[in-house]
Amino acid sequence: MAASPAVTTLCENSNEVFLDVAKLLLTYADNILRNPNEEKYRSIRIGNPTFSTKLLPIKGAVECLFEMGFEEAETHLVFPKSASVDQLRLIRESLAAERDQRLHGGQSVQPAARPLAATASASTSASASTSTSASAPQSSAASSQPVTSPPAQPSSLENSMSFFVTLQSNFQHVMMYESAELQQKALSHIPHLQLSSAAELKLKEVTEVDSECKLGREDFLVLELLRWFKQDFFSWVDCLPCSRCGGKTKNNGSLSPSTDDIRWGAQRVENHYCQSCQLSTRFPRYNNPEKLLETRRGRCGEWANCFTLCCRAMGLEARYIWDSTDHVWTEIYSTSQRRWLHCDSCENTCDKPLLYEAGWGKKLAYILAFSKDQVVDVTWRYSFKHPEVLSRRTKVQEAWLLHTINGLNASRQQSLTPDRKKELTEQLLVELVEFISPKEPKAGELGGRNSGSMAWRLARGETKGADTAAQAPGYVFTPTEKEKSDRLLHVRYNAAKDQYCRVSSNSDVTESWDQCVWKKESVFRKTENDWKMVYISRTEGSSMGKISWRFDLAPAGMMIKSVSIMAKSQTFHSGKVCWHLQAGQITTEFSGDGRMQSFQTLGGSSEFLVIAELSGGEGDSSWQHSQLFRQSLDETEETSFEILVHLQDA
């Protein structure tokens, strides 16, 4: 029997782990085979404790489910009726044969699942037969799975030359963003007047409540540009729909690039193959941002490439960030804050540099910033585990890297004015201080990756943080000194602006509905661009959604005198929204009809939760039948959610 790549990967785990996982996977498969018409056996909830603790963390486990034929839905893995039962049976038999051999025969029957030491040895032997490891032949077994033990290292000279090509290639590529003609073309796609106006309005709103606000117009423009690019302009591609029947396709290797593909920098062309009509749909991986303005789709490479061009077209000082662990994004210089801001257009995220290490679980090594004027090693901005990162930086010598970057910068900066050179030096000095300053992840940096399908994120090992985020404490409202003095903590949320405001404290405005949430489960913010409406609802396919906000007065030495709450919710058909106010063992239900309601019974408590639960509805769109904060995108002055906490001394 031919070895399944997923089963092969699963075999790399310890014997005990393999047997535990195999038992679960065989149960899933046997339930479907024995009860082909029972829907309940065709669906696995991702949040199920068994799935999240016994399968998700294990290498190869979820990949086996995908090979069986399971597909990803919003909150479940689903085995569709169109899936091949023969394929399911094939993977099931492969797992059963391996399990039986381990239980009774004492050794694996999977030829590719040999010990890692043997795999590394085979790679070393293969490398020895040729002058470079890049062209070294491998056995079919070794090439059928990811090699987790590193192959023999090529010579130091070869590593250095490879790294130099990467540096030079990226440094040359970013010069494309400086074309006045290309910037003008990008600007024609961007609603720049609308974005600029929105940024000005938000700046005005913030400065009205905080006269000492240090943010500038550019900072808000960056947020508006990120939101537009993610929500309205670019789209993510895992696999393209079939160009003939519109059905699902699978990435089936590569196709030869055409002359036109190569013209637009697509050296790689993916073969998205439709099993229904046997048609290959070509997906060229374009590297030319001009072409990306037309296609408006791709994965992180295309996103960062096109977004960085858009930033330059809007007059922002931007640079392209390359990460050796296979990700790219953008940095934008904030003149008002005098520092570089991390911006990931795939995630619609700004100023969360520890997201990749703390949230995604990346093992970082080299992160380099490329702009029209310089290359900067910015690795240390993105890590709070510097010794670990340093131990992984073995590809080239640090002295060589520093010398090479300095040489590239000196060559590029020859034509710069003394003032511009001085400006770059000052920016770099500020960066160096930032790099060596202690840092810890913020709440917004603990989440796993959002972009891409689960299969894609699993394959890249970037789901780690998703579990961490679910267990990590969320946001807690605590009184500021001003709120303590006024004896009032007053919070408003506007759904159209997607913005929280601390009214009584004259404090900061917080963007994004989930940034002030204590806990959330199976909910998201839905924007209906055609109807120009926005609301928070359950994720598609989920039967229950839950969201809560937490208030804790104890750190300020205060207690609750009274609480007043106004919440707006709307239901359709049999949809249901339940609002609760919870303090200790006391839970009080209240309506979400938009009226302000007061509660005196919490007096003497120091903390409480506001909880909304969404359920019910009918048919495939049941998730839309219970909504929080439904509001027109034009109603920017309307409050969707408001809480006033009157304070007293503890």
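Higher on the page you've got the structure.
To keep things clear, this report deals only with the structure shown in the data block.

Criteria and cut-off values
Residues numbered from 1 in each chain as written. Predicted model: local features only at pLDDT ≥ 70, side-chain atom pairs only at ≥ 80, totals over all residues. Heavy atoms only, no water. Helix = DSSP H or I, 4+ residues; strand = E, 2+ residues; numbered from the N terminus. Expected span 1.5 Å × (residues − 1). Buried < 20%, exposed > 50% of the residue type's maximum accessible area, 1.4 Å probe, protein only. Arc of directions from axis to C-beta. Contact = heavy atoms within 4.5 Å. Axes fitted to C-alpha atoms, helices over the stretch in contact; angles between N-to-C directions. Parallel < 35°, antiparallel > 145°, perpendicular 65-115°, else oblique. Nonpolar A, V, L, I, M, F, W, Y, C, P; charged D, E, K, R; others polar. Pairing = 2+ DSSP bridges. Core = buried A, V, L, I, M, F, W, Y, C linked by side-chain atoms within 4.5 Å. Phe/Tyr/Trp six-rings, centres within 6.5 Å; stacked < 30°, edge-to-face > 60°.

**A word on helix 18 (residues 418-436)**
- With 19 residues, helix 18 should reach 27 Å at 1.5 Å per residue; the first-to-last C-alpha distance of 28 Å fits that figure.
- Among all positions of helix 18, only R420, L424, Q427, E431 and F435 are buried. Seen end-on, helix 18 carries its buried residues on one side only, within an arc spanning 85°. In this structure, helix 18 carries P418, D419, K422, L429, V433 and I436 as exposed residues pointing more than 90 degrees from its buried face.
- Contacts from the buried residues of helix 18 go to strand 9 (318-323), strand 10 (327-334), strand 11 (339-344), strand 14 (375-377) and helix 16 (386-392).

**So, the packing of helix 9 (residues 180-189) against helix 14 (residues 300-313)**
- Remark: helix 9 packs on helix 14, axes separated minimally by 9 Å, with the N-to-C direction vectors making an angle of 95°. Relative to helix 14, the element helix 9 is oriented roughly perpendicular. Judged by residue contacts, L182, Q183, A186 and L187 of helix 9 engage L309, R312 and A313 from helix 14.
- Across the contact of helix 9 with helix 14, the residue classes break down as five nonpolar, one polar and one charged.

**Describing the pairing of strand 30 (residues 641-649)**
- In this sheet, strand 30 lies alongside strand 16 (residues 488-494) in antiparallel orientation, the contact comprising six bridges. Paired with R492 across the strands is E642, a residue of strand 30.
- As paired strands, strand 23 (residues 558-567) and strand 30 are joined by nine bridges and run antiparallel to one another. Of the residues in strand 30, the one forming a bridge with I560 is L647.

**Focus on the nonpolar core**
- With 59 residues, the main nonpolar core has L225 and F229 as its most contacted residues.
- With nine residues, helix 14 is the largest single contributor of residues to this core.
- With near-sequence residues (within four places) excluded, L225 lies in contact with I190, L195, F307, C310, C311, M314 and L316.
- V491, I536, I547 and V645 belong to the second-largest nonpolar core, a separate cluster that totals 39 residues.

**Some points on the sheet that holds strand 11**
- Sheet architecture is open: six strands sit in the order 12-11-10-9-13-14, paired in antiparallel fashion. Strand pairing shows two members of the sheet lacking a second neighbour, strand 12 (349-350) and strand 14, which therefore form its edges.
- When strand 9 meets strand 13 (residues 367-370), the two strands line up antiparallel, connected through four bridges. Across the sheet, the residue bridging to W322 is L368, located in strand 13.
- Across the sheet, helix 18 is in contact with strand 9, strand 10, strand 11 and strand 14; its angle to strand 14 comes to roughly 15°.

**Regarding the side chain of N170**
- The topology assignment puts N170 in helix 8 (residues 156-173).
- With near-sequence residues (within four places) excluded, N170 lies in contact with Y320, W322 and F370.

**Focus on the packing of aromatic side chains**
- The full count for this structure, using the stated rule, is 33 aromatic pairs.
- Considering the side-chain rings of F163 and Y366, the 5.0 Å spacing of their centres and the 65° angle between planes classify their relative orientation as edge-to-face. Placement of the pair is F163 in helix 8 and Y366 in the loop between helix 15 (355-359) and strand 13, with a sequence separation of 203 residues. Assigned by exposure class, F163 and Y366 land together as buried.
- Measuring from centroid to centroid gives 6.3 Å for W236 and W303, while their planes differ by 50°, and the two rings are tilted.

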